[in-house]
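Okay, here's what each chain looks like letter by letter:
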Amino acid sequence: MKKIALVLLIFVLSLPVMAQEKLPTQSIFLELGGAGLPYSFNYDFRFDKSKMDSWGMRVGAGGYAFAGGDSFFSLPIQVNRLYGKGPHYFELGGGFTFMAFKSDTFSYCQSGTYDNNTGMFICDKQFTSRSDRTEFILEIDGSPNVMGTLNLGYRRIPVDGGFTWRVNLNPIFNSNGFWPLWVGVGFGYAF
């Protein structure tokens, strides 16, 4: 019994030493704004598990659904490169965000006249929205669609893993234009 307790004690005491040998080359995080547009849950990893300042990739998912019928789904995918030395890294990357959405159509009267004889309002010009179009910073023509994303930012990853955070400038673009001032803030866990 004493031998088993001694082996367990040695194993438990060696865990911090083993944890220091493995770099935190993977992380999961919640990002507000950024490549996922409104928000996204993400998984990020380095292609080379032996060093942090290397190429990697992030994949995420985000979206929302409202009772009125409007819904939005985003799937950000980016390739990125970290530059620096732990725990401080500059991040540079690019990719795209696949999106799908549904917007209910609505209509309203833009102008009209009141008929004194009948006591009714007569609509002369009516506006009806299109359900296959939406706008998220830039106009988006139809669903599903893709928006290009860039990434320039700071990432803090503790040398031994644990709580990680990031702040990024995420310019976005599509066939309708370019918006350079979209930002993202992320919080998560590196392992």
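Keep in mind it's a predicted model, so treat the numbers as computed, not measured.

**Q** What is the right way to look at the overall build of the protein in this model?
**A** Of regular secondary structure, the protein possesses 1 helix and 14 strands. Split into buried and exposed, the 191 residues of the protein put 34% on the buried side. Long-range pairs, those at least 24 residues apart, make up 52% of the contacts in the protein with a sequence separation of at least 6. As displayed, the protein offers around 11,300 Å² of accessible surface, 68% of which is attributable to carbon and sulfur atoms.

**Q** Explanation requested: the pairing of strand β4 (residues 71–85) in the structure shown.
**A** Two faces, one strand: in a regular strand the side chains alternate between the faces of the sheet. Taken together, the 9 bridges between strand β3 (residues 55–65) and β4 define a ladder with antiparallel strand orientation. Among the inter-strand pairings, G56 is bridged to a residue of β4, identified as N80. If you look at the hairpin formed by β3 and β4, you'll find 5 residues sitting between the two strands, and G69 has a positive phi there, around 110°. Where β4 lies against strand β5 (residues 88–102), 15 bridges are found, and the strand directions are antiparallel. Residue pairing in the sheet places V79 in a bridge with G94 of β5. Counted along the chain from β4 to the antiparallel partner β5, the turn is 2 residues long.

**Q** Help me out: how do you make sense of the packing of aromatic side chains in this one?
**A** To describe a pair of aromatic rings, you give the distance between the ring centres and the angle between the ring planes. Applying the stated criterion across every chain yields a total of 8 aromatic pairs. Here Y39 and F41 contribute two aromatic rings whose centre-to-centre distance is 6.0 Å and whose plane-to-plane angle is 85°, an arrangement assigned as edge-to-face. F41 gets classed as exposed once you look at its relative accessible area, which sits at 53%. Among the aromatic residues, those joined into a ring-pair cluster are Y43, F45 and F47.

**Q** Whenever I open this one, the environment of M120 confuses me. Can you help?
**A** You can see M120 is positioned in strand β7 (residues 120–128). Those residues in contact with M120 that sit more than four places away from it in its chain are T113, Y114 and D115.

**Q** Looking at this structure, how should I read the confidence of the model for the protein?
**A** Note that predicted coordinates carrying low pLDDT should not be read in detail. For the protein, the mean per-residue pLDDT works out to 86, and 84% of the residues sit at or above 70. The secondary structure element of the protein with the lowest average pLDDT is helix α1 (residues 2–21), at 52, and the one with the highest is strand β14 (residues 183–190), at 98.

**Q** I would appreciate a short explanation of the pairing of β3 in the present structure.
**A** Judged from the 6 bridges that link them, strand β2 (residues 39–46) and β3 form a sheet pairing that is antiparallel. Note that in β3 the partner of F45 across the bridge is M57.

**Q** Is there a simple way to explain the side chain of D44 in this structure?
**A** The residue D44 is located in strand β2 in this model. There is a polar contact of 2.9 Å between the side chain of D44 and the side chain of R46. Setting aside chain neighbours within four positions, we find D44 in contact with T25, Q26, S27, F29, M57, R58, N80 and R155.

Cut-offs used in this document
Residues numbered from 1 in each chain as written. Predicted model: local features only at pLDDT ≥ 70, side-chain atom pairs only at ≥ 80, totals over all residues. Heavy atoms only, no water. Helix = DSSP H or I, 4+ residues; strand = E, 2+ residues; numbered from the N terminus. Buried < 20%, exposed > 50% of the residue type's maximum accessible area, 1.4 Å probe, protein only. Contact = heavy atoms within 4.5 Å. Areas by Shrake-Rupley, 256 points an atom, 1.4 Å probe, with all protein chains shown as cover. Pairing = 2+ DSSP bridges. Phe/Tyr/Trp six-rings, centres within 6.5 Å; stacked < 30°, edge-to-face > 60°. pLDDT = per-residue confidence, 0-100. Polar contact = N/O pair within 3.5 Å; in protein donor to acceptor, adjacent residues only side chain to side chain.

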